[in-house]
Amino acid sequence: MTTTLIRGGTVVTATGRSQADVLVDGETIVAVLAPGSVVLGTDLSRAVHTVIDATGKYVIPGGIDAHTHMELPFGGTAASDTFETGTRAAAWGGTTTIIDFAVQTYGQRVMDGLATWHEKASGNCAIDYAFHQIVGDVNEDSLQALESLPDEGITSFKMFMAYPGVFYSDDAQILRAMQVSARTGMMTMMHAENGPAIDVLVGQLLAQGKTDPYYHGVARAWQMEEEATHRAIMLANLTGAPLYVVHVSAKQAVEQLAAARDVGQNVFGETCPQYLYLSLEEQLGAPGFEGAKWVCSTPLRSKAEGHQAHMWQSLRTNDIQMVSTDHCPFCMKGQKDLGLGNFSKIPNGIGSVEHRMDLLYQGVVDGQISLERWVEITSTTPARMFGLYGKKGVIAPGADADIVIYDPNGHTSIGYEKTHHMNMDHSAWEGFEIDGHVDTVLSRGKVVIDDNQYLGAKGDGQFVKRGLSQYLI
Ligand code: URP
Ligand code: ZN
Ligand code: ZN
Ligand code: ZN
């Protein structure tokens with residue numbers, strides 16, 4: 001077993017920061033020590049094989065991206081990152097655990113969908129991974145299967161109020177699945193947009209010749225998100241299901257979540273980097289078909305209406321609890337271009353798994369969030385929300401040695417030609433400059449990124465069984 005000492009750094013947790021050295025034995029953190037307390041040459045230190053100098057740098061728990069879609073089938077194609085390419089890109093960016101979505105497609109059995117996802121991921125991941133379950137066909141068999149998922153280490157499932165004819169569930173189906181969620185303690189995750197109403201607007205826009213990528217966002221108006229969020233909250237209230245609304249982008253949806261939390265309901269929300277930084281106006285201004293790279297659902301929102309500013313504010317007030325990427329990459333050529341002349345045929349999704357830690361760190365530099373809140377919303381809360389805390393999301397004895405050494409004096413220029421490791425032919429984040437840099441990444445004690453080099457291998461990452469949420473009121 002290799003023993004590693006990370007010394008000289010500032011250990012940052014969700015609750016504070018201090019100068020400390022971190023001792024790792026094998027895959028596990030064994031001690032967080034006063035600086036310099038391991039003196040090399042003494043009995044204790046004789047066992048230390050590797051010393052990493054973190055002087056002037058932050059030592060943080062590895063990022064947990066609780067919303068990714070490797071190989072997701074969508075619109076006749078599939079997300080372009082495999083578990084191999086996507087998890088390697090995640091590691092480059094300081095994320096050491098992903099929670100991906102196993103998919104039950106319409107007409108398929110839940111357990112068959114899950115088995116397919118295990119096959120895709122097993123032996124291919126660079127970092128640890130867990131699954132949520134997408135329920136794309138709520139029926140008797142599916143409801144029964146949900147009951148047994150916690151035994152498989154899967155303690156959350158996602159339903160869609162959007163995408164009629166694909167993943168969509170109606171209110172009756174949602175109600176029944178939420179009853180299972182309430183009974184078992186599993187988290188209901190919701191894609192909250194009114195799909196049937198959106199589809200009417202899509203048809204009308206196309207009939208008017210409004211076919212450009214920008215109209216994707218026009219059709220998916222904030223009212224569609226607010227209404228669905230409210231409906232999901234009420235169904236959760238009725239059934240007692242804990243509810244986690246994914247990819248929240250509209251400020252009005254945040255207000256719905258905040259009102260429910262104010263009366264003590266177990267309701268939570270996640271936002272994504274694209275809703276903090278990108279806007280519908282920028283999509284409108286993009287030349288030609290370029291705006292397609294930002295087509296995702298929920299869509300980018302208007303900056304003039306104040307959604308981005310409100311999203312940062314919600315992260316400060318904890319009206320929004322955490323940030324995931326909703327990583328769902330598609331190439332422009334051969335994938336996004338399926339929607340040339342018809343925005344509704346553009347596969348939905350943005351690739352960001354590599355950049356979440358950096359993009360959120362820039363929020364620290366810009367004075368949007370504190371350093372501790374950065375760690376909380378990218379690692380500690382995701383761990384607590386989805387039953388990984390203790391093993392993940394914290395730097396403490398007994399935790400997995402998933403550690404990022406982050407250099408606040410470094411710099412990262414994001415761009416396709418520069419820092420890109422995702423399997424895409426473009427970057428949705430071209431030109432973003434980050435005043436910080438992921439220097440070293442340890443995944444269960446193994447150094448997988450160091451000095452701008454990837455030192456890991458596919459198969460390093462293991463499936464992690466999750467417990468129930470540790471975040472409920
Ligand atoms: O645009 C998105 N979000 N694509 C992935 C599927 C989903 O709804 O999360
Ligand atoms: Zn040893
Ligand atoms: Zn979704
Ligand atoms: Zn998603």
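Below, the structure is looked at part by part. Bear in mind the structure is a predicted one, so any value in this text is a computation, not a measurement. Residue positions are given per chain, counted from 1 along the sequence in the order it is written. Going through the entries in the order they are written, you letter the chains from A and number the ligands from 1. Given that the model is predicted, a residue must reach a pLDDT of at least 70 before its local features are reported, and side-chain atom pairs must reach 80 or more before they are shown or counted; all residues, however, enter totals for whole chains, interfaces and linings. Hydrogen atoms and water are omitted, and side-chain values are computed over all heavy atoms in the structure.

1. Some points on the nonpolar core
Here's step 1: Put simply, a nonpolar core is a bunch of buried Ala, Val, Leu, Ile, Met, Phe, Trp, Tyr and Cys residues held in one set by side-chain atoms that sit within 4.5 Å of each other. Only protein chains enter the area calculation, which uses a 1.4 Å probe; residues under 20% of their type maximum are buried, those over 50% are exposed, and those in between are partly exposed. Grouped together as the largest cluster of nonpolar side chains are 115 residues, with contacts concentrated most on F131, M190, L243, Y244, L360, W374 and F386.
Here's step 2: With six residues, helix α14 (residues 371-385) is the largest single contributor of residues to this core.
Here's step 3: The domain limits used here are those given by an automatic or database domain assignment. Each of domain 1 (3-60 + 394-454) and domain 2 (62-386) contributes no fewer than three residues to this core.
Here's step 4: Filtering out sequence-adjacent residues up to four positions away, Y244 remains in contact with M187, T188, M189, M190, F268, E270, M322, S324, M385 and F386.
Here's step 5: V22, I29, A401 and L442 belong to the second-largest nonpolar core, a separate cluster that totals 16 residues. For helices the rule is a DSSP run of H or I covering at least 4 residues; for strands it is a run of E covering at least 2, with both sets numbered from the N terminus onward. Contact criterion: two residues are considered in contact whenever any of their non-hydrogen atoms come within 4.5 Å of each other.

2. Comments concerning the coordination of the zinc ion (ligand 4)
Here's step 1: Around the zinc ion (ligand 4), the protein supplies H67 (NE2), H69 (NE2) and D326 (OD) as donor atoms, at distances of 2.0 to 2.1 Å.
Here's step 2: In this analysis a donor is any N, O or S atom within 2.8 Å of a metal ion (3.2 Å for sodium, potassium and calcium), and since water is not included, sites may seem incomplete. Four donors are marked tetrahedral only if all angles between them lie between 85 and 135 degrees, whereas four are marked square planar and six octahedral if opposite donors are more than 155 degrees apart and the other angles lie between 65 and 115; the remainder are marked irregular. What the four donor atoms of the zinc ion (ligand 4) show is an angle range of 84 to 145° at the metal, which sorts the shape as irregular.
Here's step 3: Motif for the zinc ion (ligand 4), donor spacing along one chain: H-x1-H-x256-D.
Here's step 4: In this structure the zinc ion (ligand 3) is found 3.8 Å away from the zinc ion (ligand 4). Here H67 and H69 have matching classes, each one buried.

3. Regarding the pattern of salt bridges
Here's step 1: A pairing counts as a salt bridge when a side-chain nitrogen of Lys or Arg comes within 4 Å of a carboxyl oxygen of Asp or Glu. Counted by the stated rule, this structure contains 21 salt bridges.
Here's step 2: Between R176 and E140 there is a salt bridge, with the nearest N and O atoms lying 2.9 Å from each other. With R176 in helix α5 (residues 171-184) and E140 in helix α4 (residues 140-148), this pair connects stretches of sequence that are 36 residues apart.
Here's step 3: Between D171 and R231 there is a salt bridge, with the nearest N and O atoms lying 2.7 Å from each other. Placement of D171 in helix α5 and of R231 in helix α8 (residues 222-239) is noted, with a sequence separation of 60 residues between them.
Here's step 4: Through salt bridges with shared partners, a single network forms among E27, D128, K391, K392, D400, D402 and R444.

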